[in-house]
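Summary of the model geometry
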Amino acid sequence: MKDGEIHVDVLVVGGGNAALCAAIAAKRLGADVLIVEKAPMFYRGGNTRHTRNMRCAHDAATETLTGPYSEEEFWDDLLRVTEGNTDEKLAKHMIAKSKDMLTWIAEQGVRFQPSLGGTLSLGRTNSFFLGGGRAMLNALYKTAEELGIKVMYETPVTDLDIVDGHFKSALARHEGKPLRIHAKSLVAAAGGFEANIEWLKEGWGDVAENFLIRGTPYNRGDVLRLLLDKGVEPIGDPTQCHAVAIDARAPKFDGGIITRLDCVVFGIVVNKLAERFYDEGEDFWPKRYAIWGRLVAAQPDQISYIIFDAKSLKSFMPSLFAPIEANSIAELAQKLELPVEQLEATVGGFNEAVQPGTFDHTVFDDCHTKGLAIEKTHWARKLEDPPYYAYPVRPGITFTYLGTRVDEDARMQLQGGGKADNMYAAGEIMAGNVLGKGYAAGIGMTIGSVFGKLAGEGAATHV
(Lines give C-alpha, C1' and ligand atoms only; values in the text may rest on other atoms or scores of the structure.)
Protein backbone atom coordinates (compact mmCIF):
# COMPACT_ATOMS: atom_id res chain seq x y z
CA MET A 1 0.00 0.00 0.00
CA LYS A 2 1.35 3.38 -1.00
CA ASP A 3 -0.31 6.78 -0.70
CA GLY A 4 -3.73 5.22 -0.14
CA GLU A 5 -3.54 2.90 -3.14
CA ILE A 6 -3.05 -0.83 -3.63
CA HIS A 7 -2.38 -2.80 -6.83
CA VAL A 8 -3.25 -6.53 -6.93
CA ASP A 9 -4.14 -9.16 -9.51
CA VAL A 10 -7.45 -10.30 -8.00
CA LEU A 11 -9.62 -8.40 -5.54
CA VAL A 12 -12.12 -10.53 -3.62
CA VAL A 13 -14.83 -8.55 -1.86
CA GLY A 14 -16.33 -10.51 1.04
CA GLY A 15 -15.01 -12.88 3.65
CA GLY A 16 -17.26 -15.95 3.72
CA ASN A 17 -17.06 -19.41 2.18
CA ALA A 18 -17.52 -18.21 -1.41
CA ALA A 19 -14.87 -15.52 -1.01
CA LEU A 20 -12.35 -17.90 0.53
CA CYS A 21 -12.92 -20.57 -2.13
CA ALA A 22 -12.43 -17.92 -4.81
CA ALA A 23 -9.30 -16.47 -3.21
CA ILE A 24 -7.68 -19.87 -2.66
CA ALA A 25 -8.51 -21.06 -6.18
CA ALA A 26 -7.08 -17.88 -7.69
CA LYS A 27 -3.94 -18.01 -5.56
CA ARG A 28 -3.30 -21.63 -6.48
CA LEU A 29 -3.25 -20.52 -10.13
CA GLY A 30 -0.55 -17.97 -9.34
CA ALA A 31 -2.50 -14.75 -8.88
CA ASP A 32 -1.75 -12.11 -6.24
CA VAL A 33 -4.96 -12.00 -4.21
CA LEU A 34 -6.42 -9.52 -1.73
CA ILE A 35 -9.56 -10.15 0.35
CA VAL A 36 -11.40 -7.16 1.80
CA GLU A 37 -13.91 -7.99 4.52
CA LYS A 38 -16.34 -5.40 5.85
CA ALA A 39 -16.64 -7.05 9.26
CA PRO A 40 -14.09 -7.08 12.08
CA MET A 41 -11.97 -10.22 12.29
CA PHE A 42 -14.10 -11.74 15.05
CA TYR A 43 -17.24 -11.49 12.89
CA ARG A 44 -15.57 -12.43 9.62
CA GLY A 45 -17.21 -14.91 7.32
CA GLY A 46 -20.71 -13.62 6.71
CA ASN A 47 -23.42 -16.24 7.11
CA THR A 48 -20.94 -19.11 6.75
CA ARG A 49 -20.31 -18.72 10.49
CA HIS A 50 -23.78 -20.11 11.17
CA THR A 51 -23.78 -23.04 8.74
CA ARG A 52 -23.39 -26.71 9.50
CA ASN A 53 -23.29 -28.65 6.24
CA MET A 54 -23.04 -28.69 2.46
CA ARG A 55 -25.09 -30.65 -0.07
CA CYS A 56 -23.01 -32.31 -2.79
CA ALA A 57 -23.66 -35.10 -5.28
CA HIS A 58 -21.58 -38.23 -4.67
CA ASP A 59 -21.51 -41.78 -6.00
CA ALA A 60 -21.08 -43.83 -2.85
CA ALA A 61 -21.11 -43.81 0.93
CA THR A 62 -18.08 -42.38 2.73
CA GLU A 63 -16.84 -42.23 6.30
CA THR A 64 -19.33 -39.43 6.97
CA LEU A 65 -22.09 -40.05 4.39
CA THR A 66 -24.40 -43.05 4.62
CA GLY A 67 -25.03 -43.61 0.91
CA PRO A 68 -24.92 -42.25 -2.65
CA TYR A 69 -26.64 -39.05 -3.79
CA SER A 70 -26.77 -38.91 -7.56
CA GLU A 71 -26.75 -35.82 -9.73
CA GLU A 72 -30.23 -36.79 -10.91
CA GLU A 73 -31.61 -36.99 -7.37
CA PHE A 74 -29.98 -33.67 -6.45
CA TRP A 75 -31.58 -32.07 -9.52
CA ASP A 76 -34.98 -33.57 -8.68
CA ASP A 77 -34.75 -32.19 -5.14
CA LEU A 78 -33.74 -28.74 -6.37
CA LEU A 79 -36.46 -28.71 -9.02
CA ARG A 80 -39.09 -29.61 -6.44
CA VAL A 81 -38.15 -27.06 -3.79
CA THR A 82 -37.77 -24.23 -6.34
CA GLU A 83 -40.92 -25.28 -8.20
CA GLY A 84 -38.95 -24.89 -11.41
CA ASN A 85 -37.72 -21.39 -10.59
CA THR A 86 -34.08 -22.06 -11.42
CA ASP A 87 -31.70 -21.73 -14.35
CA GLU A 88 -31.57 -25.40 -15.36
CA LYS A 89 -28.28 -25.13 -17.22
CA LEU A 90 -26.51 -23.35 -14.38
CA ALA A 91 -28.09 -25.53 -11.71
CA LYS A 92 -27.07 -28.77 -13.41
CA HIS A 93 -23.60 -27.33 -13.97
CA MET A 94 -23.35 -26.58 -10.24
CA ILE A 95 -24.57 -30.04 -9.30
CA ALA A 96 -22.04 -31.73 -11.61
CA LYS A 97 -19.21 -29.59 -10.19
CA SER A 98 -20.34 -30.35 -6.64
CA LYS A 99 -19.17 -33.96 -7.01
CA ASP A 100 -15.55 -32.84 -6.85
CA MET A 101 -16.13 -30.20 -4.19
CA LEU A 102 -16.00 -32.46 -1.14
CA THR A 103 -12.52 -33.62 -2.10
CA TRP A 104 -11.29 -30.16 -3.09
CA ILE A 105 -12.53 -28.41 0.02
CA ALA A 106 -11.07 -31.14 2.24
CA GLU A 107 -7.75 -30.47 0.52
CA GLN A 108 -8.06 -26.89 1.77
CA GLY A 109 -8.14 -28.12 5.36
CA VAL A 110 -11.89 -28.50 6.00
CA ARG A 111 -12.86 -31.59 7.99
CA PHE A 112 -16.19 -33.42 8.14
CA GLN A 113 -18.13 -35.44 10.70
CA PRO A 114 -21.14 -37.78 10.59
CA SER A 115 -24.45 -35.96 10.35
CA LEU A 116 -26.55 -34.87 13.28
CA GLY A 117 -29.76 -36.69 14.14
CA GLY A 118 -33.27 -35.48 14.95
CA THR A 119 -35.44 -34.32 12.08
CA LEU A 120 -32.57 -33.37 9.77
CA SER A 121 -32.52 -36.64 7.77
CA LEU A 122 -29.37 -35.51 5.95
CA GLY A 123 -26.96 -38.35 6.66
CA ARG A 124 -26.91 -39.47 3.03
CA THR A 125 -27.13 -36.14 1.20
CA ASN A 126 -25.20 -33.54 3.22
CA SER A 127 -21.66 -33.41 4.58
CA PHE A 128 -21.42 -31.83 8.04
CA PHE A 129 -18.43 -29.67 8.97
CA LEU A 130 -16.51 -30.84 12.01
CA GLY A 131 -17.02 -27.98 14.46
CA GLY A 132 -19.60 -26.23 12.27
CA GLY A 133 -19.30 -23.26 9.96
CA ARG A 134 -16.88 -21.26 12.06
CA ALA A 135 -14.42 -24.17 12.18
CA MET A 136 -14.79 -24.55 8.42
CA LEU A 137 -14.06 -20.85 7.95
CA ASN A 138 -11.05 -20.97 10.25
CA ALA A 139 -9.62 -23.84 8.20
CA LEU A 140 -10.03 -21.88 4.96
CA TYR A 141 -8.53 -18.73 6.46
CA LYS A 142 -5.58 -20.75 7.76
CA THR A 143 -4.97 -22.12 4.26
CA ALA A 144 -5.34 -18.66 2.74
CA GLU A 145 -2.81 -17.27 5.20
CA GLU A 146 -0.34 -20.07 4.46
CA LEU A 147 -0.70 -19.37 0.74
CA GLY A 148 0.11 -15.70 1.25
CA ILE A 149 -3.35 -14.28 0.54
CA LYS A 150 -3.72 -10.83 2.12
CA VAL A 151 -6.86 -10.07 4.17
CA MET A 152 -7.99 -6.61 5.25
CA TYR A 153 -10.75 -6.47 7.89
CA GLU A 154 -13.12 -3.59 8.61
CA THR A 155 -12.64 -2.48 5.01
CA PRO A 156 -16.03 -1.80 3.36
CA VAL A 157 -16.15 -1.11 -0.37
CA THR A 158 -17.90 2.20 -1.02
CA ASP A 159 -17.61 2.54 -4.82
CA LEU A 160 -16.58 0.61 -7.92
CA ASP A 161 -14.92 2.05 -11.02
CA ILE A 162 -16.45 0.08 -13.89
CA VAL A 163 -16.35 1.14 -17.55
CA ASP A 164 -18.27 -0.87 -20.19
CA GLY A 165 -18.18 -4.03 -18.12
CA HIS A 166 -14.51 -3.69 -17.27
CA PHE A 167 -13.53 -3.35 -13.61
CA LYS A 168 -10.69 -0.92 -12.92
CA SER A 169 -10.65 -0.26 -9.20
CA ALA A 170 -12.61 -0.19 -5.96
CA LEU A 171 -12.81 2.59 -3.43
CA ALA A 172 -12.85 1.34 0.16
CA ARG A 173 -12.37 2.68 3.66
CA HIS A 174 -9.63 1.29 5.85
CA GLU A 175 -8.73 2.58 9.29
CA GLY A 176 -10.98 5.55 8.65
CA LYS A 177 -9.22 6.60 5.46
CA PRO A 178 -10.12 6.17 1.77
CA LEU A 179 -8.26 3.39 -0.02
CA ARG A 180 -8.17 2.88 -3.79
CA ILE A 181 -7.67 -0.78 -4.78
CA HIS A 182 -6.63 -1.40 -8.39
CA ALA A 183 -7.08 -4.98 -9.61
CA LYS A 184 -7.00 -6.86 -12.89
CA SER A 185 -10.03 -8.96 -11.86
CA LEU A 186 -12.86 -8.62 -9.35
CA VAL A 187 -14.69 -11.36 -7.48
CA ALA A 188 -17.81 -10.09 -5.70
CA ALA A 189 -18.69 -12.46 -2.84
CA ALA A 190 -20.18 -9.91 -0.47
CA GLY A 191 -23.54 -11.53 0.26
CA GLY A 192 -27.12 -10.35 -0.12
CA PHE A 193 -29.05 -7.45 1.42
CA GLU A 194 -30.95 -9.24 4.17
CA ALA A 195 -29.57 -6.98 6.93
CA ASN A 196 -30.81 -3.87 5.11
CA ILE A 197 -34.33 -3.51 6.51
CA GLU A 198 -35.10 -0.50 4.31
CA TRP A 199 -34.24 -2.49 1.18
CA LEU A 200 -36.34 -5.41 2.42
CA LYS A 201 -39.26 -3.02 2.90
CA GLU A 202 -39.05 -2.03 -0.79
CA GLY A 203 -40.33 -5.50 -1.63
CA TRP A 204 -42.14 -6.59 1.52
CA GLY A 205 -43.54 -3.34 2.86
CA ASP A 206 -43.71 -2.51 6.55
CA VAL A 207 -44.06 -6.17 7.60
CA ALA A 208 -40.27 -6.42 7.14
CA GLU A 209 -39.91 -4.49 10.40
CA ASN A 210 -40.95 -7.70 12.18
CA PHE A 211 -38.36 -9.87 10.43
CA LEU A 212 -35.38 -11.22 12.33
CA ILE A 213 -32.04 -11.56 10.53
CA ARG A 214 -30.44 -14.90 11.29
CA GLY A 215 -27.00 -13.99 9.98
CA THR A 216 -24.50 -11.19 9.91
CA PRO A 217 -25.62 -7.57 10.29
CA TYR A 218 -22.94 -6.61 7.75
CA ASN A 219 -24.77 -8.04 4.70
CA ARG A 220 -26.51 -4.86 3.62
CA GLY A 221 -26.16 -5.30 -0.12
CA ASP A 222 -23.83 -2.34 -0.66
CA VAL A 223 -21.71 -4.10 -3.30
CA LEU A 224 -24.76 -5.63 -4.96
CA ARG A 225 -26.37 -2.20 -5.27
CA LEU A 226 -23.17 -0.76 -6.76
CA LEU A 227 -22.96 -3.53 -9.34
CA LEU A 228 -26.60 -3.23 -10.40
CA ASP A 229 -26.32 0.56 -10.61
CA LYS A 230 -23.24 0.21 -12.81
CA GLY A 231 -24.72 -2.06 -15.44
CA VAL A 232 -24.60 -5.63 -14.18
CA GLU A 233 -27.74 -7.59 -15.05
CA PRO A 234 -29.93 -8.47 -12.05
CA ILE A 235 -31.60 -11.80 -11.49
CA GLY A 236 -34.20 -12.86 -8.96
CA ASP A 237 -37.19 -11.53 -7.08
CA PRO A 238 -36.38 -9.06 -4.28
CA THR A 239 -39.01 -10.71 -2.07
CA GLN A 240 -37.61 -14.22 -2.47
CA CYS A 241 -35.18 -15.38 0.17
CA HIS A 242 -34.11 -18.18 2.46
CA ALA A 243 -36.55 -17.54 5.32
CA VAL A 244 -37.24 -19.95 8.16
CA ALA A 245 -39.36 -19.81 11.29
CA ILE A 246 -37.05 -19.00 14.19
CA ASP A 247 -37.57 -18.38 17.87
CA ALA A 248 -39.29 -15.01 18.21
CA ARG A 249 -37.09 -14.26 21.23
CA ALA A 250 -33.95 -14.28 19.06
CA PRO A 251 -31.91 -11.08 18.66
CA LYS A 252 -32.61 -8.85 15.68
CA PHE A 253 -29.34 -9.87 14.01
CA ASP A 254 -26.90 -12.78 14.13
CA GLY A 255 -28.97 -15.28 16.13
CA GLY A 256 -27.71 -17.98 13.82
CA ILE A 257 -28.43 -21.69 13.93
CA ILE A 258 -29.20 -21.87 17.66
CA THR A 259 -32.48 -19.97 17.22
CA ARG A 260 -33.80 -22.22 14.44
CA LEU A 261 -36.59 -24.65 15.32
CA ASP A 262 -37.01 -28.09 13.76
CA CYS A 263 -40.14 -29.17 15.65
CA VAL A 264 -42.91 -28.16 13.22
CA VAL A 265 -43.41 -31.74 12.03
CA PHE A 266 -44.04 -32.91 15.62
CA GLY A 267 -46.99 -30.68 16.37
CA ILE A 268 -49.17 -27.94 14.93
CA VAL A 269 -48.52 -24.30 14.09
CA VAL A 270 -51.10 -21.61 14.85
CA ASN A 271 -51.16 -17.85 14.28
CA LYS A 272 -52.15 -15.20 16.85
CA LEU A 273 -55.81 -16.06 16.17
CA ALA A 274 -55.03 -19.62 17.34
CA GLU A 275 -55.76 -20.99 13.86
CA ARG A 276 -53.67 -23.43 11.82
CA PHE A 277 -52.70 -22.16 8.36
CA TYR A 278 -50.57 -24.83 6.63
CA ASP A 279 -49.83 -28.55 6.48
CA GLU A 280 -47.08 -29.20 9.04
CA GLY A 281 -46.38 -32.65 7.57
CA GLU A 282 -46.12 -31.78 3.89
CA ASP A 283 -42.58 -33.04 3.31
CA PHE A 284 -39.36 -33.97 5.04
CA TRP A 285 -38.09 -31.07 7.10
CA PRO A 286 -34.85 -30.30 5.17
CA LYS A 287 -36.92 -29.76 2.02
CA ARG A 288 -39.63 -27.66 3.63
CA TYR A 289 -38.13 -25.83 6.62
CA ALA A 290 -37.29 -22.80 4.48
CA ILE A 291 -40.92 -22.17 3.46
CA TRP A 292 -42.01 -21.46 7.01
CA GLY A 293 -40.47 -18.02 7.21
CA ARG A 294 -42.64 -16.84 4.33
CA LEU A 295 -45.69 -18.59 5.79
CA VAL A 296 -45.27 -16.84 9.14
CA ALA A 297 -44.60 -13.53 7.37
CA ALA A 298 -48.09 -13.78 5.86
CA GLN A 299 -49.76 -14.15 9.28
CA PRO A 300 -51.09 -11.28 11.44
CA ASP A 301 -48.21 -9.37 13.06
CA GLN A 302 -45.79 -11.90 11.52
CA ILE A 303 -45.86 -14.21 14.52
CA SER A 304 -46.95 -17.81 15.05
CA TYR A 305 -46.63 -20.58 17.64
CA ILE A 306 -45.42 -24.17 17.32
CA ILE A 307 -47.39 -26.32 19.76
CA PHE A 308 -46.52 -29.90 20.78
CA ASP A 309 -46.80 -32.17 23.80
CA ALA A 310 -44.52 -34.10 26.13
CA LYS A 311 -43.91 -37.09 23.85
CA SER A 312 -42.14 -34.88 21.29
CA LEU A 313 -39.96 -32.81 23.61
CA LYS A 314 -36.79 -34.86 23.10
CA SER A 315 -37.28 -35.50 19.37
CA PHE A 316 -35.53 -32.43 17.95
CA MET A 317 -32.75 -29.96 18.66
CA PRO A 318 -34.18 -27.19 20.83
CA SER A 319 -33.75 -23.46 20.49
CA LEU A 320 -31.37 -21.51 22.68
CA PHE A 321 -34.50 -20.46 24.59
CA ALA A 322 -36.62 -22.89 26.61
CA PRO A 323 -40.11 -23.66 25.30
CA ILE A 324 -43.11 -22.18 27.08
CA GLU A 325 -44.69 -24.92 29.22
CA ALA A 326 -48.20 -25.46 30.59
CA ASN A 327 -50.25 -28.29 32.08
CA SER A 328 -53.27 -27.65 29.87
CA ILE A 329 -54.04 -26.11 26.48
CA ALA A 330 -56.03 -23.38 28.22
CA GLU A 331 -53.08 -22.49 30.43
CA LEU A 332 -50.76 -22.52 27.39
CA ALA A 333 -53.11 -20.16 25.54
CA GLN A 334 -53.06 -17.76 28.47
CA LYS A 335 -49.26 -17.78 28.62
CA LEU A 336 -49.08 -17.15 24.86
CA GLU A 337 -51.81 -14.49 25.07
CA LEU A 338 -53.89 -16.42 22.52
CA PRO A 339 -57.71 -16.71 22.58
CA VAL A 340 -58.27 -19.61 24.96
CA GLU A 341 -61.47 -21.05 23.50
CA GLN A 342 -60.16 -20.87 19.96
CA LEU A 343 -56.91 -22.65 20.78
CA GLU A 344 -58.82 -25.36 22.66
CA ALA A 345 -61.11 -25.74 19.64
CA THR A 346 -58.16 -25.90 17.21
CA VAL A 347 -56.33 -28.54 19.24
CA GLY A 348 -59.50 -30.49 19.94
CA GLY A 349 -60.51 -30.50 16.27
CA PHE A 350 -57.03 -31.58 15.26
CA ASN A 351 -57.01 -34.43 17.80
CA GLU A 352 -60.39 -35.69 16.59
CA ALA A 353 -59.14 -35.69 12.99
CA VAL A 354 -55.98 -37.72 13.65
CA GLN A 355 -56.23 -41.17 12.06
CA PRO A 356 -54.64 -44.37 13.42
CA GLY A 357 -51.16 -45.01 12.05
CA THR A 358 -47.56 -45.92 12.78
CA PHE A 359 -45.47 -42.85 13.54
CA ASP A 360 -42.03 -42.65 11.92
CA HIS A 361 -40.52 -39.23 11.19
CA THR A 362 -37.81 -40.79 8.99
CA VAL A 363 -40.29 -41.84 6.28
CA PHE A 364 -43.57 -40.59 4.81
CA ASP A 365 -45.62 -42.37 7.45
CA ASP A 366 -49.38 -43.03 7.49
CA CYS A 367 -50.13 -40.71 10.43
CA HIS A 368 -52.48 -38.09 9.00
CA THR A 369 -55.67 -36.20 9.69
CA LYS A 370 -59.03 -36.50 7.95
CA GLY A 371 -61.80 -33.94 7.79
CA LEU A 372 -59.89 -30.70 8.42
CA ALA A 373 -59.85 -27.68 6.13
CA ILE A 374 -56.04 -27.92 6.28
CA GLU A 375 -54.98 -31.53 6.71
CA LYS A 376 -51.71 -32.68 8.22
CA THR A 377 -50.60 -35.29 5.71
CA HIS A 378 -47.83 -37.05 7.68
CA TRP A 379 -46.53 -37.34 11.26
CA ALA A 380 -49.86 -36.36 12.80
CA ARG A 381 -50.26 -37.41 16.44
CA LYS A 382 -52.79 -36.24 18.99
CA LEU A 383 -51.67 -33.50 21.35
CA GLU A 384 -52.81 -35.23 24.53
CA ASP A 385 -49.77 -35.84 26.75
CA PRO A 386 -49.16 -33.00 29.21
CA PRO A 387 -47.25 -30.90 29.80
CA TYR A 388 -47.81 -28.96 26.60
CA TYR A 389 -45.15 -26.79 25.03
CA ALA A 390 -44.91 -23.91 22.57
CA TYR A 391 -42.28 -21.88 20.78
CA PRO A 392 -43.18 -18.42 19.46
CA VAL A 393 -41.69 -17.94 15.97
CA ARG A 394 -41.08 -15.08 13.56
CA PRO A 395 -39.64 -15.01 10.03
CA GLY A 396 -35.88 -15.42 10.18
CA ILE A 397 -34.22 -14.20 7.00
CA THR A 398 -30.98 -15.98 6.14
CA PHE A 399 -30.16 -14.51 2.74
CA THR A 400 -31.87 -12.83 -0.20
CA TYR A 401 -32.12 -14.12 -3.77
CA LEU A 402 -31.99 -10.91 -5.80
CA GLY A 403 -28.48 -10.81 -7.23
CA THR A 404 -26.19 -10.61 -10.23
CA ARG A 405 -26.71 -12.82 -13.26
CA VAL A 406 -23.70 -15.03 -14.06
CA ASP A 407 -22.71 -17.67 -16.60
CA GLU A 408 -21.16 -21.12 -16.07
CA ASP A 409 -17.79 -19.52 -15.37
CA ALA A 410 -19.32 -17.29 -12.64
CA ARG A 411 -18.72 -14.27 -14.88
CA MET A 412 -21.20 -11.43 -14.43
CA GLN A 413 -23.59 -10.64 -17.27
CA LEU A 414 -24.38 -7.09 -18.38
CA GLN A 415 -27.75 -5.36 -18.64
CA GLY A 416 -27.13 -4.38 -22.25
CA GLY A 417 -26.20 -7.92 -23.21
CA GLY A 418 -22.93 -9.77 -23.17
CA LYS A 419 -20.63 -10.60 -20.30
CA ALA A 420 -18.37 -8.55 -18.09
CA ASP A 421 -14.72 -8.49 -19.05
CA ASN A 422 -13.12 -9.21 -15.69
CA MET A 423 -15.89 -9.38 -13.06
CA TYR A 424 -17.06 -12.56 -11.35
CA ALA A 425 -19.57 -13.28 -8.59
CA ALA A 426 -20.03 -16.11 -6.10
CA GLY A 427 -22.20 -17.03 -3.14
CA GLU A 428 -25.32 -15.29 -1.92
CA ILE A 429 -24.78 -12.29 -4.20
CA MET A 430 -25.60 -14.55 -7.19
CA ALA A 431 -27.66 -17.29 -5.51
CA GLY A 432 -30.80 -16.24 -7.41
CA ASN A 433 -29.38 -17.86 -10.53
CA VAL A 434 -30.00 -21.24 -8.90
CA LEU A 435 -32.59 -20.38 -6.25
CA GLY A 436 -35.52 -18.53 -7.78
CA LYS A 437 -37.55 -19.55 -4.74
CA GLY A 438 -37.50 -22.24 -2.08
CA TYR A 439 -34.54 -23.98 -0.50
CA ALA A 440 -33.16 -27.34 0.55
CA ALA A 441 -30.64 -27.69 3.37
CA GLY A 442 -27.01 -27.12 2.43
CA ILE A 443 -27.54 -25.67 -1.07
CA GLY A 444 -26.31 -22.22 -0.09
CA MET A 445 -22.91 -23.65 0.77
CA THR A 446 -22.91 -25.61 -2.48
CA ILE A 447 -23.52 -22.42 -4.44
CA GLY A 448 -20.79 -20.58 -2.54
CA SER A 449 -18.18 -23.33 -2.84
CA VAL A 450 -18.76 -24.29 -6.47
CA PHE A 451 -19.14 -20.80 -7.89
CA GLY A 452 -16.46 -19.47 -5.54
CA LYS A 453 -13.92 -21.89 -6.99
CA LEU A 454 -15.12 -21.13 -10.54
CA ALA A 455 -14.94 -17.39 -9.93
CA GLY A 456 -11.44 -17.59 -8.52
CA GLU A 457 -10.22 -19.72 -11.39
CA GLY A 458 -11.85 -17.39 -13.91
CA ALA A 459 -10.40 -14.27 -12.30
CA ALA A 460 -6.90 -15.75 -12.17
CA THR A 461 -7.10 -17.05 -15.73
CA HIS A 462 -8.12 -13.58 -16.92
CA VAL A 463 -5.06 -12.15 -15.19
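The text that follows walks through the structure, step by step, so that each part is easy to find. Being a predicted model, the structure only gives us computed values, none of them experimental.

When helices and strands are counted, the chain shows 11 helices and 19 strands. Taken over the C-alpha atoms alone, the chain extends approximately 70 × 45 × 40 Å along its principal axes. Sequence separation of 24 or more characterises 74% of the internal contacts of the chain that already satisfy a separation of 6 or more. With the model as given, the accessible surface of the chain reaches about 17600 Å², and the carbon-plus-sulfur share is 49%.

Right, let's talk about the layout of surface pockets for a bit. Here the largest pocket defines a volume of roughly 270 Å³. What lines the largest pocket is a set of 14 residues, among which E83, I291, R294, K437 and G438 lie closest to the centre. Those elements that provide at least two residues to the lining of the largest pocket are α2 (71-82) and α8 (292-297). Each residue belonging to the lining of the largest pocket can be placed in one class, and the counts come to 6 nonpolar, 2 polar and 6 charged.

Secondary-structure assignment places E280 in the loop between β13 (268-271) and α7 (285-288). E280 sits in the buried class, given a relative accessible area of 2%. Within the local environment of E280, its side chain forms a polar contact with the backbone nitrogen of V269, the two atoms lying 3.0 Å apart. A distance of 2.8 Å separates polar atoms of two side chains, one belonging to E280 and the other to R276. What E280 contacts, discounting residues up to four positions off in sequence, is V264, V265, G267, I268, V269, W292 and K376.

End to end, helix α3 (residues 88-107) covers 29 Å across 20 residues, agreeing with the expected 28 Å (1.5 Å per residue, within 8%). The largest bend in α3 is about 45 degrees, located at D100. By the burial criterion, the buried members of α3 are L90, A91, H93, M94, I95, S98, M101, L102, W104 and I105. Looking at where α3 begins, the residue whose side-chain oxygen comes 3.2 Å from the main-chain nitrogen of K89 is D87. G109 sits one or two positions beyond α3 and adopts a positive phi of about 105 degrees.

With that out of the way, let us pick up the packing of helix α9 (residues 329-336) against helix α10 (residues 340-353). Relative orientation of the contacting elements α9 and α10 amounts to 130 degrees, with a least axis distance of 9 Å. Comparing the axis directions of α9 and α10 gives the class oblique. Along this stretch, α9 crosses α10, giving a crossing that reads as right-handed. Contacts between α9 and α10 involve I329, A330, A333 and Q334 from the first element and V340, L343, E344 and V347 from the second.

Looking now at the packing of aromatic side chains. Scanning all chains against the criterion turns up 21 aromatic pairs. The interplanar angle of 90 degrees and the centroid separation of 5.7 Å between the aromatic rings of Y278 and W292 together place this pair among those described as edge-to-face. Pair noted here: Y278 is in the loop between β13 and α7 and W292 is in helix α8, with a separation of 14 residues, a long-range link. A residue is classified by how much of its surface remains accessible, and Y278, at 24% relative accessible area, is partly exposed. When the centroid spacing of 6.4 Å and the interplanar angle of 75 degrees are considered together, the rings of F316 and Y391 count as edge-to-face. With F316 in the loop between β14 (304-309) and β15 (324-326) and Y391 in strand β16 (residues 388-400), the pair connects residues that are 75 residues apart, well separated along the chain. Exposure class is identical for F316 and Y391. Each is buried. Within the aromatic cluster, the residues linked to one another by ring pairs are F266, F308, F316, F359, Y389 and Y391.

Moving on to the pattern of salt bridges. With the rule as written, the count across this model stands at 28 salt bridges. The salt bridge involving K99 is made with D59; its shortest N-O contact spans 2.8 Å. One end of the pair, K99, is in helix α3; the other, D59, is in the loop between β3 (53-55) and α2, and 40 residues separate them in sequence. By relative accessible area, which is 59% here, D59 ends up exposed. The residue R405 makes a salt bridge to E233 at a minimum N-O spacing of 3.0 Å. Here the residue R405 occupies a position in the loop between β17 (403-404) and β18 (411-413), and E233 occupies one in the loop between α6 (222-229) and β11 (234-235), the gap between them amounting to 172 residues.

This part covers the pairing of strand β9 (residues 177-188). Relative to β9, strand β1 (residues 5-13) runs parallel, the two sharing 8 bridges. If you follow V12 over to β9, its bridge partner there is V187. Of the strand pairs in this sheet, strand β8 (residues 166-174) and β9 are connected by 6 bridges, and their pairing is antiparallel. From the neighbouring strand, L171 faces β9, where its bridge partner is R180. What sits between the antiparallel neighbours β8 and β9 is a turn of 2 residues, in which E175 has the positive phi angle 55 degrees. The sheet contact formed by β9 and strand β19 (residues 419-425) spans 3 bridges and is parallel.

Attention shifts here to unusual backbone geometry. As a rule of thumb, non-glycine residues mostly have phi less than zero, and peptide bonds are mostly trans rather than cis. Each neighbour pair has its own omega, and for P386 with P387 the value is 0 degrees, a cis peptide bond. Among the secondary structure elements, P387 is positioned in the loop between α10 and β16. Positive phi, normally seen in glycine, also occurs at A274, with a value near 65 degrees. Positionally, A274 belongs in the loop between β13 and α7.

Cut-offs used in this document
- Residues numbered from 1 in each chain as written.
- Predicted model: local features only at pLDDT ≥ 70, side-chain atom pairs only at ≥ 80, totals over all residues.
- Heavy atoms only, no water.
- Helix = DSSP H or I, 4+ residues; strand = E, 2+ residues; numbered from the N terminus.
- Contact = heavy atoms within 4.5 Å.
- Areas by Shrake-Rupley, 256 points an atom, 1.4 Å probe, with all protein chains shown as cover.
- 1 Å grid on protein atoms, 1.4 Å probe; cavity = no way out; pocket = protein on both sides within 12 Å on 5 of 7 lines; lining within 4 Å.
- Points joined across faces, edges and corners; volume = space filled by probe spheres on them.
- Nonpolar A, V, L, I, M, F, W, Y, C, P; charged D, E, K, R; others polar.
- Buried < 20%, exposed > 50% of the residue type's maximum accessible area, 1.4 Å probe, protein only.
- Polar contact = N/O pair within 3.5 Å; in protein donor to acceptor, adjacent residues only side chain to side chain.
- Expected span 1.5 Å × (residues − 1).
- Bend = angle between axes of the 7 residues up to and from the residue.
- Axes fitted to C-alpha atoms, helices over the stretch in contact; angles between N-to-C directions.
- Parallel < 35°, antiparallel > 145°, perpendicular 65-115°, else oblique.
- Left-handed = near helix turned anticlockwise from the far one by under 90°.
- Phe/Tyr/Trp six-rings, centres within 6.5 Å; stacked < 30°, edge-to-face > 60°.
- Salt bridge = Lys/Arg side-chain N within 4 Å of Asp/Glu carboxyl O.
- Pairing = 2+ DSSP bridges.

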